[in-house]
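Working through the structure, step by step
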Amino acid sequence: MNKRLAALAPTLAGITLALAACSQSGAPGGAAGETIRIGEFASLTGKEAAFGQSSHKGTQLAIEELNATGGLLGKKIEFIYEDNRSSPGESATIAKKLITRDRVVALLGEVASGRSLEAAPIAQANKVPMISPSSTNPKVTETGDYIFRVCFTDPFQGKLLAEFARKTLKAQKVAIFSDVAAPYSVGLAQYFREPFVAGGGRVAAEEKYTGGDKDFKAQLTAIKAQHPDAILVPGYYTDVGLIVAQARQLGITAPMFGGDGWEAPELIQIAGGALEETYYSTHFSPENSDPAVQKFVAAFKARYNGETPDAMAALGYDSAMVLADAIRRAGTTESGKLRDAIAATNGFAGVTGATTLDAQRNATKPAVIITVKDGQFKYLETVTP
Ligand code: PHE
C-alpha cells in the first residue's frame, strides 16, 4: 500500500491510513514532479500525543488552504506524515524514510526539541530543509544551515520566566524541578537559572525527574523543606500535571510555573483544581483580537469540530505557511534554492506574529503568559523580546 496522502482527505482517515501504512515500505507512487511533497514527523500517539495532534492539525489546515487556492507553483501539495509515537529513536528513521523513499522537498517537525534533534542531522546530511514549528532548544537549529524554526528559543523563554518570577511572582528564592530525559527541560532550567541569579535571585533547590515517572513526592518533599517562594517546573504537560497535583497534596502552596511544555488541555484534565496559582509562557493565545488570529481561530474551529487552536496548532500552521511562502519566492523546490529562500524569510505575517528568520535560522517573537483560573487557561500578559 502506498501511504501518500492527498491533503484534502479528512484528517482522521488520513491518520488511520498513515498509521496503517507505517509498517509498509511501498515504493513512492506518482510521477516525480506532479505534486510537491511535504513531509511531517509528529507525535500523533504516545506520551505527548496532544503536542503532535495539535501541531499536525495546524499543519494540515494550512496545506488544505494552500491546495484549495491552487497549491504551489501550479502543483498540488501532497502531505506525507508519520507518527513517531512520542518514542525516542523513531524520528530519525521516519526522517530517512520521508527523504529517501518519499522524496519530500522539506520536513516539518517536531514539537519536542529532543525529537527534532533526532531528525535534524538526517535532514542536514541530505540537504533537505527542515522547519520545526515549536522546538525551542537552541541546539535544534545549531545542527546546520538546513534546519530552521518558526518559534522563539529557550534563552528568550528562560529570561522572560526569570523576570516573571522576580517581578510578577515577587520570588527571591526559587526551586527548579526538571526532566533529565528531555533536552528542552534541561536547557530551559539553565536558561532560567543564569538570568535569575544574575538579577539577584537564588535557586534554593534543584531536583530532577525522568519523563514518565509517576511518583514525584520524594523530590517535592526535598523542595518543600527549602521553603521556595515559587517552583519552576520546565517539563511537559503529562509529568507537570502529576507534579502540580502531588505538590498540592503535600501542602506546597508556592506558585508553580513553567514554559510552553505545559500547554495542553490534558494538563487541566490531569491536575484539575490543583492548577490555581500556576503560570506558563507560550507562543500564542486564541484570545488575541488581531483579525488574522481570529480568522485562523475560526477556520480551525470550523475544520475541527469547534476545537480552539493552541500554540502548537498555530505554530504548525505557520511552519507550513512559511515553507509555502519560501517555495513561492524560490520559484522551485530545488534544495539549495529552497534553503536560501527559507533563510530569507522576513516579516512573514503568521498567526503567531511576524516571522523573520535570523542568521541562526531562529525566529524572534513575543511570548504570552497564561495562568489557570477556575479550571480554564487564561491569558495574563504578552512579553516582547
Ligand atoms: N518548546 C518545546 C520543546 O522544544 C515544545 C513545545 C512547544 C511544547 C510549544 C508546547 C508548546 O520541546
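Just above, that's the structure.
Bringing the pattern of salt bridges into the picture now. Oppositely charged side chains may form a pair once their charged atoms are brought near each other. Applying the stated criterion across every chain, the model contains 17 salt bridges. The shortest N-O distance in the salt bridge between E64 and R303 comes to 2.7 Å. Note that E64 is positioned in helix α2 (residues 49-68) and R303 in helix α11 (residues 291-303), a separation of 239 residues in sequence. Here E334 makes a salt bridge to K337, at a shortest N to O gap of 3.9 Å. One network of salt bridges, with partners in common, ties together K47, E48, E110, R115 and D239.

Positionally, S135 belongs in the loop between β4 (130-132) and α5 (139-142). Engagement of the side chain of S135 in a polar contact is seen with the backbone nitrogen of S113, the distance being 3.5 Å. Aside from chain neighbours lying at most four places away, what touches S135 is E110, V111, A112, S113, S116, V140, R149 and C151.

For the coordinates displayed, the defined rule picks out 18 aromatic pairs. Considering the side-chain rings of F164 and F257, the 6.5 Å spacing of their centres and the 55° angle between planes classify their relative orientation as tilted. In this pair, F164 is assigned in helix α6 (residues 154-168) and F257 in strand β9 (residues 256-258), connecting sequence segments 93 residues apart. Assigned by exposure class, F164 and F257 land together as buried. Through a chain of ring-to-ring contacts, the aromatic side chains of F164, F192, F196, F257 and Y279 assemble into a single cluster.

Residue placement: S91 occurs in helix α3 (residues 90-100). For S91, a relative accessible area of 0% puts it in the buried group. In this structure the side chain of S91 is engaged in a polar contact, spanning 3.1 Å, whose partner is the side chain of N84. Contacts of S91, omitting those with residues within four sequence positions, involve F41, N84, R115, E118 and A119.

This part covers the packing of α6 against helix α7 (residues 183-198). Axis separation between α6 and α7 bottoms out at 7 Å; the angle between their running directions is 50°. Here α6 is positioned oblique relative to α7, judged by the angle of their axes. Pair α6 / α7 crosses with right-handed handedness. Here α6 contributes D154, P155, Q157, G158, K159, L161, A162, A165 and R166 to the contact with α7, which in turn contributes Y184, L188, Y191, F192, P195 and F196. Taken together, the residues of the contact of α6 with α7 break down into ten nonpolar, two polar and three charged.

Moving on, we come to the sheet that holds strand β13 (residues 367-373). Judged by pairing direction, the sheet is mixed, and its seven strands sit side by side in the order β7-β6-β8-β9-β10-β13-β14 without closing on themselves. Bordering the open sheet on either side are β7 (202-209) and β14 (376-383), each of which pairs with just one other strand. For this sheet, the mean inter-axis angle between neighbouring strands, taken without regard to orientation, is 25°. Both strand β8 (residues 230-232) and β9 contribute to a ladder of two bridges, which runs parallel. Bridge pairing in β9 links I231 to M256. Of the strands in this sheet, β6 (173-179), β7, β8 and β9 are in contact with α7, which crosses β6 at around 165°. Seen against the sheet, helix α9 (residues 237-249) touches β6, β7, β9 and β10 (278-282) and runs at an angle of roughly 165° to β9.

Assignment of secondary structure puts F79 in strand β2 (residues 76-83). A relative accessible area of 1% means that F79 is categorised as buried. Separated by 258 residues in sequence, F79 and K337 have C-alpha atoms that sit 21 Å apart.

Spatially, β2-β1-β3-β4-β5 is the arrangement adopted by the five strands of the open sheet, whose pairing is parallel. The outermost strands of the open sheet, each flanked by one partner alone, are β2 and β5 (147-149). Pairwise comparison of adjacent strand axes, ignoring direction, gives a mean angle of 25° for this sheet. In terms of strand pairing, strand β3 (residues 106-108) meets β4 through two bridges, oriented parallel. Across the sheet, L108 pairs through a bridge with I131, a residue of β4. Along the sheet face, α3 touches β1 (35-42), β2 and β3 and points at about 175° away from the line of β1. Helix α12 (residues 311-330) rests against β1, β3 and β4 of the sheet, and its axis sits at about 160° to β3.

Turning to the site of the ligand, a few remarks are in order. As a matter of local geometry, the ligand sits amid 13 residues, with S113, S134, T136, Y236 and D260 nearest to it. Contact distances for the ligand include 2.8 Å between a nitrogen atom and a side-chain N or O atom of T136. D260 has a polar side-chain atom sitting 2.7 Å from a nitrogen atom of the ligand. Taking 320 Å² as the accessible area of the ligand by itself, protein coverage stands at 100%. Partitioned by chemical class, the residues of the shell around the ligand number six nonpolar, six polar and one charged.

Definitions and limits used
Residues numbered from 1 in each chain as written. Predicted model: local features only at pLDDT ≥ 70, side-chain atom pairs only at ≥ 80, totals over all residues. Heavy atoms only, no water. Salt bridge = Lys/Arg side-chain N within 4 Å of Asp/Glu carboxyl O. Helix = DSSP H or I, 4+ residues; strand = E, 2+ residues; numbered from the N terminus. Polar contact = N/O pair within 3.5 Å; in protein donor to acceptor, adjacent residues only side chain to side chain. Contact = heavy atoms within 4.5 Å. Phe/Tyr/Trp six-rings, centres within 6.5 Å; stacked < 30°, edge-to-face > 60°. Buried < 20%, exposed > 50% of the residue type's maximum accessible area, 1.4 Å probe, protein only. Axes fitted to C-alpha atoms, helices over the stretch in contact; angles between N-to-C directions. Parallel < 35°, antiparallel > 145°, perpendicular 65-115°, else oblique. Left-handed = near helix turned anticlockwise from the far one by under 90°. Nonpolar A, V, L, I, M, F, W, Y, C, P; charged D, E, K, R; others polar. Pairing = 2+ DSSP bridges. Near = heavy atom within 4 Å. Areas by Shrake-Rupley, 256 points an atom, 1.4 Å probe, with all protein chains shown as cover.

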